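Below, each chain spelled out in residue letters.
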Amino acid sequence: MQDVIRIREAEICRSELDRRAQAQIVDDLRTVVKQAPLFSPTTPRGRPMSVRMTSAGTLGWVSDRRGYRYENLHPAGEPWPDIPESVLAVWRRHGSETRAPDCCLINYYGDGARMGMHRDNDEKDFSWPVVSISLGDAALFRIGNLTRGGRTESTWLESGDVAILRGPARRLYHGIDRIRFGSSDLLPTGGRINITLRVVD
Ligand code: MD3
Ligand code: FE
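Now for a quick tour of the structure. (Residues numbered from 1 in each chain as written. Chains lettered and ligands numbered in written order. Predicted model: local features only at pLDDT ≥ 70, side-chain atom pairs only at ≥ 80, totals over all residues. Heavy atoms only, no water.)

So, on to the packing of aromatic side chains. Scanning all chains against the criterion turns up 1 aromatic pair. Their ring planes at 25 degrees and their centres at 5.5 Å tell us that Trp61 and Tyr68 sit as a pair that is stacked. Residue classification places Trp61 among the buried positions, given a relative accessible area of 11%. Overall, Tyr68 belongs to the partly exposed group, its relative accessible area being 45%. Taking NZ or CZ as reference, Arg192 lies 5.1 Å from the ring centre of Tyr109, over its face. (Phe/Tyr/Trp six-rings, centres within 6.5 Å; stacked < 30°, edge-to-face > 60°. Buried < 20%, exposed > 50% of the residue type's maximum accessible area, 1.4 Å probe, protein only. Lys NZ or Arg CZ within 6 Å of the ring centre and 35° of its normal.)

Have a look at this one:
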């Protein structure tokens with residue numbers, strides 16, 4: 001492990017995954033997105049999100065006019081693929097050795113994509129950590145407070161960084177302001193993948 005930094009109780013393990021481990025995960029994700037293609041969720045108010053998403057695991061996160069929620073099936077009607085072993089290995093090391101995650105949410109950021117400030121609020125038990133893996137282009141991550149607004153802190157997340165949100169950090173507002181498109185050569189056509197692993201219920 002290279003270096004661990006703490007920002008607002010969030011733990012970021014810099015360069016936790018070497019290039020081989022990153023490439024293995026990307027390869028495994030290709031299999032996942034073949035079975036469960038990326039889609040563009042819309043907010044409950046009908047605005048398309050700039051980030052494209054899909055999931056693996058028993059539950060996947062979806063958003064549309066009916067709201068934010070977890071579903072057993074991909075919008076196309078198929079079950080979500082299994083979470084790749086390469087990803088589960090990161091969860092066991094940083095999340096929990098006693099429980100597997102229900103959801104592996106895969107976010108893809110193309111040029112110009114961002115994610116507004118929000119809280120991860122659709123899970124039942126917030127005592128489980130969230131583990132996040134960054135792959136590809138660097139992203140400006142912002143973390144705030146337990147309620148909307150107030151002072152925030154920012155840091156760049158780079159390919160191979162693993163962030164762990166547990167305890168009070170699990171409930172903080174956070175978002176991605178922008179990515180530095182083309183800053184990494186991990187993904188042949190650029191962009192950023194973020195994986196978040198969560199226990200849902
Ligand atoms: C802080 N993803 O999918 S990952 C999300 O980079 C999400 O795609 C961002 O926010 C991304 O919900 C940020 C880091 C992260 C994930 C979950 C958190 C930070 C968090 C939960 C609570 C607090
Ligand atoms: Fe989030």
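Read on for the rest.
A separate point is the packing of helix 1 (residues 19-35) against helix 2 (residues 85-94). Where helix 1 contacts helix 2, the axes come no closer than 8 Å and their chain directions differ by 125 degrees. By the criterion of interaxial angle, the relationship of helix 1 to helix 2 is oblique. The residues of helix 2 that touch helix 1, namely those facing Gln24, Ile25 and Asp28, are Ser86, Val87 and Val90. (Axes fitted to C-alpha atoms, helices over the stretch in contact; angles between N-to-C directions. Helix = DSSP H or I, 4+ residues; strand = E, 2+ residues; numbered from the N terminus. Parallel < 35°, antiparallel > 145°, perpendicular 65-115°, else oblique. Contact = heavy atoms within 4.5 Å.)

A separate point is helix 1. Between its first and last C-alpha atoms helix 1 spans 25 Å; for 17 residues at 1.5 Å apiece the expected length is 24 Å, and the two agree. Looking at helix 1, one finds that the buried residues are Gln22, Ile25, Val26, Leu29 and Val32. Down the axis of helix 1, the buried side of the element spans an arc of 115 degrees, and every buried residue falls inside it. Facing away from the buried side of helix 1 by more than 90 degrees, the exposed set consists of Arg20, Lys34 and Gln35. Buried residues in helix 1 make contact with strand 3 (52-57), helix 2, strand 6 (103-109), strand 8 (130-136) and strand 13 (192-198). (Expected span 1.5 Å × (residues − 1). Arc of directions from axis to C-beta.)

Further remarks concern the coordination of the iron ion (ligand 2). Ligation of the iron ion (ligand 2) by protein atoms is provided by His118 (NE2), Asp120 (OD) and His174 (NE2), these donors lying 2.0 to 2.2 Å from the ion. Counting the intervening residues between successive donors of the iron ion (ligand 2) yields the motif H-x1-D-x53-H. (Donors = N, O, S within 2.8 Å, 3.2 Å for Na, K, Ca; no water.)

This part covers the sheet that holds strand 11 (residues 162-165). Spatial ordering of the open sheet is given by 1-2-11-8-13-6-3, a layout of 7 strands whose pairing is antiparallel. Here the strands that pair on one side only, and so sit at the sheet edges, are strand 1 (3-7) and strand 3. Each strand axis lies, on average, 20 degrees off the axis of its neighbour in the sheet, ignoring direction. Sheet analysis places strand 3 next to strand 6, joined by 6 bridges and oriented antiparallel. Bridged to Met53 within strand 6 is Asn107. In this fold helix 1 packs onto strand 3, strand 6, strand 8 and strand 13, with an angle of close to 100 degrees to the strand it touches most, strand 8. The sheet contacts of helix 2 involve strand 2 (10-14), strand 6, strand 8, strand 11 and strand 13, and relative to strand 8 the element is tilted by about 135 degrees. (Pairing = 2+ DSSP bridges.)

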